[in-house]
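# Chains, contacts and geometry: an overview
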Amino acid sequence: MPSRQQARPTALGQVRVVSRQAQRQQMVMRVVSALVGLTIVAGGLFTALNAHAGTSSTATNTSSAASTASQGTVQAVQAVEVKGKGSGVGVVTGAVLGGLVGNRMGKGTGNTLMTVGGAVAGGYAGNEVEKNVKKHTLYKTTVKLDDGSVHDYTISQQFAVGARVKVSGKKLTLAN
């Protein structure tokens, strides 16, 4: 009989350990979920601010640009590589993956810190990866207008040096 009594506490002890592990995993998942939620909210705010800034600057540029089109000659063209904008997908994906990897390391408080640290580092890395995937080339084009003034335009289309162009606002097209 003594061996049966010892077996019961061992079984109960295992149930308690499983229960503690389940509680810890639930806490970690809550922390990761909270970080993902905050990341989504922050990404939404940055996206909204960028959209507002883009709208404001576009409105200012068009209002200050001359309404009449003029012609000129392309003096110089310089390719500029620009990182894309993060949409938040990279941040969220990186935070989740980083949190999961961090959760596999450490014990107790160290595990929680590794989970949070992994989520933060993963979110940053995911955002940078997304920006690099979305990078594109713009062309800084210097145009000397027929009136003698020189203007720089950053556009997505490349023109050859010496080409005649028509300037309308901030847009360039080949002249006829």
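Just so we're clear, the structure is a prediction, and the values are computed from it rather than from any experiment.

Another point: the side chain of E130. For E130, the position within the fold is in helix α3 (residues 109-133). Overall, the relative accessible area of 10% leaves E130 in the buried class. Within the structure, E130 has its side chain in polar contact with the backbone nitrogen of G90 (distance 3.0 Å).

Right, let's get into the pairing of strand β5 (residues 171-174). The pairing of strand β4 (residues 164-168) with β5 spans four bridges and is antiparallel. Bridge pairing in β5 places V167 opposite L172.

Another point: the pairing of strand β2 (residues 136-145). In this sheet, β2 lies alongside strand β1 (residues 70-82) in antiparallel orientation, the contact comprising ten bridges. Counted as the bridge partner of A79 is Y139 from β2. When β2 meets strand β3 (residues 150-155), the two strands line up antiparallel, connected through six bridges. Residue pairing across strands places K140 opposite T154, the latter belonging to β3. Remark: four residues form the turn of the hairpin made by β2 and β3, two consecutive strands paired antiparallel; G148 in that turn has positive phi of roughly 100°.

The rules behind these values
- Residues numbered from 1 in each chain as written.
- Predicted model: local features only at pLDDT ≥ 70, side-chain atom pairs only at ≥ 80, totals over all residues.
- Heavy atoms only, no water.
- Helix = DSSP H or I, 4+ residues; strand = E, 2+ residues; numbered from the N terminus.
- Buried < 20%, exposed > 50% of the residue type's maximum accessible area, 1.4 Å probe, protein only.
- Polar contact = N/O pair within 3.5 Å; in protein donor to acceptor, adjacent residues only side chain to side chain.
- Pairing = 2+ DSSP bridges.

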